[in-house]
Amino acid sequence: MKKLCLLGLLVSLASHPVLAETAPVPLENKEAFISDLLKRMTLEEKIGQLRLISIGPEMPRELIRKEIAAGNIGGTFNSITRPENRPMQDAAMRSRLKIPMFFAYDVIHGHRTIFPISLALASSWDMDAIGRSGRIAAKEASADSLDITFAPMVDISRDPRWGRTSEGFGEDTYLVSRIAKVMVKAYQGQSPALPDSIMASVKHFALYGAVEGGRDYNIVDMSPVKMYQDYLPPYRAAIDAGAGGVMVALNSINGVPATSNTWLMNDLLRKEWGFKGLAVSDHGAIIELIRHGVAKDGREAAKLAIKAGIDMSMNDSLYGKELPGLLKSGEIEQKDIDNAVREVLAAKYDMGLFKDPYVRIGKAEDDPADTNAESRLHRSDARDIARRSLVLLKNQNDTLPLQKTAKIALVGPLAKAPIDMMGSWAAAGVPAQSVTLYDGMRNVLGDKAQLVYARGSNITADKKVVDYLNFLNFDAPEVVDDPRTAQQMIDEAVNAARQSDVIVAAVGESRGMSHESSSRTDLHIPASQRDLIKALKATGKPLVLVLMNGRPLSLLEENQQADAILETWFSGTEGGNAIADVLFGDYNPSGKLPITFPRSVGQIPTYYNHLTIGRPFTPGKPGNYTSQYFDDTTGPLFPFGYGLSYTSFSLSDMALSSTTLNKSGKLDASVTVKNTGKRDGETVVQLYIQDVAGSMIRPIKELKNFQKVMLKAGEEKAIHFTITEDDLKFYNAQLKYAAEPGDFNVQIGLDSQDVKQQSFELL
C-alpha cells in the first residue's frame, strides 16, 4: 500500500510543470521541443511570453530584468545595443526554464546606415538595390543584437494626406507585392536563425493605408472585392516569402478593429493563407479596443484579442492582468493561451535563440568600442541606392545637370538639414553622420566653383505646426526656427541668387510632417517656402527645386515656376552626396514615381488604376456630363511610373506573338527601347494590361510587369514580357480568383500614361 502511495506521489510530482524533472526533448525536433516546453510552463510563465515590453520610464531596466528573470516578459523593443540587451538575456537565462528573450525594433529603411525612405526605395524600381538595402539593414541590426524588425510596411497608400505614406512603397498592388517579397528575403536571408539575419514582421495587417480621409488610426470601410484585389496581396506576398511575423493594424475593418477581428486573424490569415507565424499587436492596441467601442473594459479587450489570435501584446499590460481571471472563469480556454505561446516559442526557435540565446548579442569583449563608429556604416551602398531613387520631374531647356564651374546659390530650409535627410523611422541613424545637400554639393565642387548659401525661410511660419512637430522632442527639437523675420531671410536669399548663375532651392517638408500621426489637409509646400520660391523666380535666374518630402505634394504653381524639379524624398545618410551626383551629372537619374502626384488635394484619390466608369472624361472633348472637376484640368500633375532622364528614350511599336491566348499558353509582348540621347542611362519599361469587358467593372489598366534596363547612348534593346492566364486573373464578386475569356489590351510604356497598345483575346 505504501509503495502504491509513493508511486502516486511520484506521478503527481512529474506532472506538475514546476516540479517535473524529466529530460527535455532534443532541440532538433521543433514541434516536439515546443510542445514539451509548453507542458513544463506554468500559467504565469506562459502569459509572460505574451508580453512585448517597451523600454521606457514606465518600465525601468532594473524592473525589466527582475520581471524577465521571473519569466514574465517574452521580448522587448527599443533596446538596440549589445550592452543594453545582454543583461536582459542574462536575466532570461536565470529564469526557471531559461526561455530566451527576443529584441525587436522598427528597422524600416536601414539601421545605422539610413537608406532612402521606403517610398523612395520604390521609386528606384530596382529590386536588386532594394534588396541590398534590406540585407545591409539586417546585418547592421543583427550586429547590434536585434532579432526581429517590424517591417516591411506594405500598406497600399492612395491618399497622400496620410503621414505614413512615406513609410510604404506606394499605390500599386503589383509593385508593392514584389518589393514585399524582396524585403522579407533580404531581412531573413537564408534563414532568420543565422547570426546576420533578422526576422521580418510584415505590417500593418490589414488595410491601414486606406484609413478614411487619410487620417491616421481611422476606420477602413471597404468591399471584400477591393480588399482581395488591391489591398491584401502585398501582405500575402510577404507571408508567402516566409515572413515570420505579422504586426496587426490599429484601424478597424468594416466596423471591427483588426486587433479583435477573428475573420482577419483566424479565417483569412491562418486558415485561408496558412500563416503559422507570430501575430503581434501594434503599440497599446489591445486596450484601445475600449476606445473603439467593442470592449467595455480591459477584461473584455484582452478576451477579444486573445480569441482573435493576437499572440503578443505590445506595450500593453492587459494580458498579464486579465488572462488568468478569464481562464479561471471559463471565458477563454487553455488552448487560446497555449496557441499564442506556441507561436511565440516557435518564432524564438526560428530566430535560432533556443540553440544560442546570444547568437546576435555575442560576447562582451567583441562589442564595438564605439557603437556609432563610422566604420560600422555602409556609405558606398547608401549613396548608390539613394541615387537610384531620385526622380527627375522636370528639366526645361536642359537646366540640369549643373556646370561645375558655375556660381550657384543654394537656398532653402532643407539645404542644411541632417535630421530631415534621414526621414521618418530612421532607426539608429545618427543625424551628425548624415550628408546634407550643402555638404554634398560642396564635396563635388571643391574649389572649382562658388557655392553661396542662404537659408531663405523657415520650414513653416505656423508656430502651431512647429509646436506639434516638436511635441515629442523637447530635449532636442527637430524643427528649429531662424529668429530673423521672413523678409530678412528672403532678402538674403534673393541677394545670393542675384550674384549667382543658377539657383538650387531645397524645399518641402520636415521629416516630422511625413510621419505617424502626421496627416495633412493641405499638400502644398508650406507658405513660407512658397513665398521664397516666388521671390527667387522673380530674379530671372534659372531655378532648380530639390524636393524633400515623404508624400506627393501639390506642385502646380512650383511646376510653372521652376526650370527643373528633382524629387529626392528623404534620401538617407548619403543623401546629400547622392543628390549632388545627380545635380552635377555624375549620375543620370532613372527613378520613376511609385505613386501619383495630384494637381491638388481636391483630386484625391487619383491613383492610376482606377475602375472604369460609364461617363469618363476624354481629354480634348467637352467635359459636360463626364466624370471630372470642371475647375481644373482632369488628371494628375505627374502620373504613376513617370520620371525623366538626362538622355531620351524611344519605344518601337509593340509586337505580340499571337492575337489569342489559350488558358495554358503563353503570349510574348515585345518592344524595342532605344537610347536616343547623348548619354548612357537607365529607364523602366512598364507593362500594363486592361480587361476590356468582364463580369464586373475592372481597372482602366494594371501594372503586371516591368524591366529596368541600362542602355548606352544610341544603343537599343528588345524587351520581352511573357503574359499568361495568371496575369489576367482577378477576384470576382464571389471572391473566386480566375481569368475570364475575352478581349484584353496590352500597354507598354515608360510611364502609365504614354504607352503603346495592342490587343489579344483569351480563349
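Computed from a predicted model, the values in this text were never measured in an experiment.

**Notes on unusual backbone geometry**
Point 1. L400 connects to P401 through a cis peptide bond whose omega is 0 degrees.
Point 2. With respect to the helices and strands, P401 occurs in the loop between strand 11 (391-395) and strand 12 (408-411).
Point 3. At W125, a position not held by glycine, the phi torsion is positive, near 50 degrees.
Point 4. Looking at the secondary structure, you find W125 in the loop between helix 6 (118-124) and helix 7 (127-143).
Point 5. Positive phi, normally seen in glycine, also occurs at N315, with a value near 50 degrees.
Point 6. As for its position among the elements, N315 is in the loop between strand 10 (313-314) and helix 14 (318-329).
Point 7. Since its relative accessible area comes to 25%, N315 is described here as partly exposed.

**A closer look at the sheet that holds strand 21 (residues 681-691)**
Point 1. Overall, mixed pairing links the 5 strands, which are arranged 19-27-26-21-22 in an open sheet. Because the sheet does not close on itself, it has two edges, and the strands there are strand 19 (660-661) and strand 22 (702-711).
Point 2. Bridging between strand 21 and strand 26 (residues 742-749) involves 6 bridges; their strand directions are antiparallel. Along strand 26, the bridge assignment pairs I689 with V746.

**A look at the packing of helix 9 (residues 224-231) against helix 10 (residues 233-240)**
Point 1. For the pair helix 9 and helix 10, the least separation of the axes is 6 Å and the interaxial angle reads 50 degrees. With respect to helix 10, the axis of helix 9 lies oblique. Where helix 9 abuts helix 10, its residues M227, Y228, Q229, D230 and Y231 lie against P233, P234 and Y235.
Point 2. Class assignment for the residues of the contact of helix 9 with helix 10 results in 6 nonpolar, 1 polar and 1 charged.

**Concerning the sheet that holds strand 14 (residues 502-508)**
Point 1. Within the open sheet, the 6 strands sit side by side as 11-16-15-14-12-13. Their pairing is mixed. In this open sheet, the two edge strands, each paired with only one partner strand, are strand 11 and strand 13 (451-454). Each strand of the sheet is rotated relative to its neighbour by a mean of 15 degrees, with strand direction disregarded.
Point 2. With 4 bridges joining them, strand 12 and strand 14 adopt parallel strand pairing. Within the sheet, the bridge partner assigned to I408 lies in strand 14 and is V502.

**What about the pattern of salt bridges?**
Point 1. Applying the stated criterion across every chain, the model contains 49 salt bridges.
Point 2. Two residues, K729 and D726, come together in a salt bridge whose shortest N-O distance is 3.0 Å.
Point 3. Several salt bridges converge on common partners, so that one network encompasses D126, R132, D381, R383, D384, R387, R388, D581 and E682.

**Some words on the UniProt feature "domain: Fibronectin type III-like" (unreviewed entry) in the protein**
Point 1. Residues annotated in UniProt with the feature "domain: Fibronectin type III-like" (unreviewed entry) correspond here to residues 683-752.
Point 2. In residues 683-752, helix accounts for 0% and strand for 56%; the two terminal C-alpha atoms are 13 Å from one another.

**As for the confidence of the model for the protein**
Point 1. For the protein, per-residue confidence averages 95 on the pLDDT scale, and 97% of positions sit at 70 or higher.
Point 2. Note on residues 1-21: pLDDT under 50 across the span, and 12 contacts to partners over four residues away in sequence or across chains.

**Details of the side chain of E84**
Point 1. Within the secondary structure, E84 sits in helix 5 (residues 82-94).
Point 2. Of the polar contacts made by the side chain of E84, one reaches the side chain of R61; its length is 2.9 Å.
Point 3. When sequence neighbours within four positions are dropped, the list of residues in contact with E84 reads R61, N78 and S79.

**Observations regarding the environment of L345**
Point 1. By secondary structure assignment, the location of L345 is in helix 15 (residues 334-350).
Point 2. Judged by its relative accessible area of 0%, L345 falls in the buried class.
Point 3. L345 sits 52 residues away from G293 along the chain, and the two C-alpha atoms are 32 Å apart.
Point 4. Not counting the four nearest positions on each side in its chain, L345 is found in contact with I34, L37, L38, M41, Q49, I99 and F354.

**With respect to the packing of aromatic side chains**
Point 1. Under the counting rule described, the total for this entry stands at 18 aromatic pairs.
Point 2. Consider the rings of F77 and F150, whose centres lie 6.4 Å apart with planes at 80 degrees: the pair is edge-to-face. Of this pair, F77 sits in strand 2 (residues 75-77) while F150 sits in the loop between strand 4 (148-149) and helix 8 (173-188), and the two are 73 residues apart along the sequence. Summarising the burial analysis for this pair, F77 and F150 share the class buried.
Point 3. Each ring, one from Y731 and one from Y737, has its centre 4.7 Å from the other, and the planes form 35 degrees; the classification is tilted.
Point 4. The class of Y737 is partly exposed, set by a relative accessible area of 42%.
Point 5. Here a set of aromatic residues connected by ring pairs shows up, and it is made of W125, Y174, Y608, F640, Y688 and F706.
Point 6. The cationic tip of K416 hangs over the ring face of Y453; the distance from NZ or CZ to the ring centre is 4.1 Å.
Point 7. When the ring centre of Y688 is taken as reference, the NZ or CZ atom of K701 above it lies at 5.8 Å.

Criteria and thresholds
- Residues numbered from 1 in each chain as written.
- Predicted model: local features only at pLDDT ≥ 70, side-chain atom pairs only at ≥ 80, totals over all residues.
- Heavy atoms only, no water.
- Helix = DSSP H or I, 4+ residues; strand = E, 2+ residues; numbered from the N terminus.
- Buried < 20%, exposed > 50% of the residue type's maximum accessible area, 1.4 Å probe, protein only.
- Pairing = 2+ DSSP bridges.
- Axes fitted to C-alpha atoms, helices over the stretch in contact; angles between N-to-C directions.
- Parallel < 35°, antiparallel > 145°, perpendicular 65-115°, else oblique.
- Contact = heavy atoms within 4.5 Å.
- Nonpolar A, V, L, I, M, F, W, Y, C, P; charged D, E, K, R; others polar.
- Salt bridge = Lys/Arg side-chain N within 4 Å of Asp/Glu carboxyl O.
- UniProt positions renumbered as here; feature names shortened; annotations may be inferred.
- pLDDT = per-residue confidence, 0-100.
- Polar contact = N/O pair within 3.5 Å; in protein donor to acceptor, adjacent residues only side chain to side chain.
- Phe/Tyr/Trp six-rings, centres within 6.5 Å; stacked < 30°, edge-to-face > 60°.
- Lys NZ or Arg CZ within 6 Å of the ring centre and 35° of its normal.

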